[in-house]
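Below are the chains, spelled out letter by letter.
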Amino acid sequence: MKHHRIHNFNAGPAALPAEVLEDVQQELIDFQGSGMSILEVSHRSRWFEDVLDDAIVRIKRLLQLGDRYEVLFLQGGASMQFCFVPMNLALEGKPVAYINTGTWSTKAIKEAEILGKDVRVIASSQDLEFTYIPQDFQVPTDSSYLHITSNNTIRGTQWRNFPQGVKAPLVSDMSSDIFSRMFDPTPFGLIYAGAQKNAGPAGVTLVILRKDMLDRTPANLPTMFKYSTYAEKKSMFNTPPCFAIYVVWKVVRWIEEKIGGMEKMQALNEKKAQLIYDYLDSQDFYRGTASPESRSKMNVTFRLHKQDLESLFISEALAHDLGGLKGHRSVGGCRASIYNAVSVESVETLIQFMKEFARRNA
Ligand SMILES: Cc1ncc(COP(=O)(O)O)c(C=O)c1O
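Everything quoted here is computed from the prediction, not taken from an experiment.

**Q** Summarise the sheet that holds strand E2 (residues 69–74); cite the residues concerned and give the values.
**A** With mixed pairing, the 7 strands of this open sheet are ordered in space as E2-E10-E9-E8-E5-E3-E4. The open sheet terminates on both sides in strands that have one partner only, identified here as E2 and strand E4 (119–124). Taking the axes of each pair of neighbouring strands and ignoring which way they run, one obtains an average angle of 20 degrees across the sheet. Here strand E9 (residues 188–194) runs beside strand E10 (residues 205–210); their pairing, made up of 5 bridges, is antiparallel. By the bridge assignment, isoleucine 191 is partnered in E10 with isoleucine 208.

Take a look at the structure:
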């Protein structure tokens with residue numbers, strides 16, 4: 001049966017590949033001959049353990065993590081990591097460094113402050129409403145870590161190149177750009193990402209941890225707050241979010257087997273971003289809000305030059321099967337999230353609609 005599917009530009013939860021959804025649907029009644037769905041099997045069964053093991057292997061391969069890193073599956077969203085990181089990685093008597101590039105960084109900073117850490121916000125783009133990524137900063141040499149938000153979902157900015165030559169391990173919130181591009185993991189002590197944008201459904205958070213970071217876990221943390229618990233028990237100290245992990249497994253398989261790996265995934269993402277930014281730069285009916293050198297390839301934020309037309313734009317777009325184009329409630333305007341599962345064709349359809357809307361409302 002052919003289903004009605006829209007061009008989905010939601011910021012998260014967001015589009016999933018149709019092939020993944022079809023696969024999940026097909027397997028739901030009888031997972032690989034088990035006579036049960038994956039929702040109904042024990043997390044200690046070989047059915048689920050095989051899924052978990054293969055998901056870890058594929059994530060390590062996609063991100064070229066090698067054996068130096070642990071891939072963990074946690075709950076509580078990326079927001080839970082805002083406190084987990086300082087609790088687990090702050091070294092006694094040493095500062096924790098943060099760069100503030102928007103709402104999510106601000107929230108991460110707040111949690112480190114609540115915990116009474118020596119927080120140093122070494123750069124911020126708040127002066128220009130978080131429309132750019134700061135380039136000039138000094139990281140205190142004794143920092144426990146430097147925390148950044150690699151992609152700022154709300155403002156549509158993204159670190160193009162990660163900070164270089166920093167002695168402290170980098171920690172990054174990659175919720176909205178993990179698996180979107182290749183990067184060298186070596187400087188990162190920890191990467192975390194809520195799955196619900198580029199990696200799967202809500203309910204699971206990926207944590208990629210360099211093994212030496214485990215030496216930092218303080219003994220006096222409750223068991224469920226220690227990264228070491230998840231590492232020692234392969235994310236199964238307690239019942240993990242099985243279904244969400246299963247869908248993440250399907251998504252990483254899709255990147256490897258349908259797309260053909262990270263290089264191809266990145267090329268597709270670059271193509272989509274280029275199409276839409278080229279269009280934004282070619283006219284003045286719409287205006288991109290992020291500073292060009294800091295533009296995100298995942299979340300394209302823009303305004304209409306007549307701002308009172310924005311709600312009409314969003315509702316007419318939806319009538320044309322183009323959904324999720326409303327900007328974050330804290331900033332208004334429009335936003336097209338063009339994550340991995342959003343096709344080039346969807347982006348072309350959006351641009352076609354934008355052109356036509358501009359012509360009709362000039
Ligand atoms: C960059 C970033 N960090 C953190 C979050 C919060 O994630 P969660 O809802 O999983 O806690 C979001 C959610 O939109 C995000 O975009």
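What follows picks up the thread again.
**Q** Go over the domain arrangement of the protein with me, naming the residues and quoting the values.
**A** Assigned domains of the protein: these are domain 1 (20–259) and domain 2 (261–360). One C-alpha centre belongs to domain 1, the other to domain 2, and the line joining them spans 27 Å. Three residues stand out in domain 1 for area buried against domain 2, namely Ile154, Arg160 and Ile259, and they jointly supply 25% of the buried area on that side. Taken together, the connections running from domain 1 to domain 2 amount to 0 salt bridges. In this structure, the connection of domain 1 to domain 2 is made through 17 residue pairs in polar contact (both at pLDDT 80 or more).

**Q** So what's going on with the pairing of E4? Which residues, and what values?
**A** Regular strands place their side chains on alternate faces of the sheet. Relative to E4, strand E3 (residues 96–100) is paired through 5 bridges, and the arrangement is parallel. For tyrosine 98, the partnering residue across the bridge sits in E4 and is valine 121. Note on the crossover from E3 through helix H4 (residues 103–114) to E4: the handedness is right-handed.

**Q** Residues and numbers for the sheet that holds strand E14 (residues 334–337), please.
**A** Read from one edge of the open sheet, 3 strands run E11-E12-E14, paired in antiparallel fashion. Looking at the sheet topology across the chains shown, the edges are occupied by strand E11 (286–288) and E14. In this sheet, neighbouring strand axes are inclined to one another by 35 degrees on average, regardless of whether the strands run parallel or antiparallel. Contacts between helix H7 (residues 262–281) and the sheet are confined to E11, strand E12 (299–304) and E14, with E12 contributing the most and set at about 20 degrees to the helix. Sitting on the sheet, helix H8 (residues 310–319) touches E11, E12 and E14, and the angle it makes with E12 is about 125 degrees.

**Q** Break down the packing of aromatic side chains for me, with residues and values.
**A** On inspection of all chains with the given rule, the structure shows 21 aromatic pairs. When the ring of tyrosine 286 is compared with that of phenylalanine 313, the centres are 5.6 Å apart and the planes differ by 65 degrees; the resulting orientation is edge-to-face. Here the residue tyrosine 286 occupies a position in strand E11, and phenylalanine 313 occupies one in helix H8, the gap between them amounting to 27 residues. For the pair tyrosine 286 and phenylalanine 313, a shared accessibility class is recorded, and that class is buried.

Rules used throughout
- Residues numbered from 1 in each chain as written.
- Predicted model: local features only at pLDDT ≥ 70, side-chain atom pairs only at ≥ 80, totals over all residues.
- Heavy atoms only, no water.
- Pairing = 2+ DSSP bridges.
- Helix = DSSP H or I, 4+ residues; strand = E, 2+ residues; numbered from the N terminus.
- Axes fitted to C-alpha atoms, helices over the stretch in contact; angles between N-to-C directions.
- Domains from an automatic or database assignment.
- Buried area = accessible area lost by both parts, 1.4 Å probe.
- Salt bridge = Lys/Arg side-chain N within 4 Å of Asp/Glu carboxyl O.
- Polar contact = N/O pair within 3.5 Å; in protein donor to acceptor, adjacent residues only side chain to side chain.
- Right-handed = clockwise from strand over helix to strand, strands pointing away.
- Contact = heavy atoms within 4.5 Å.
- Phe/Tyr/Trp six-rings, centres within 6.5 Å; stacked < 30°, edge-to-face > 60°.
- Buried < 20%, exposed > 50% of the residue type's maximum accessible area, 1.4 Å probe, protein only.

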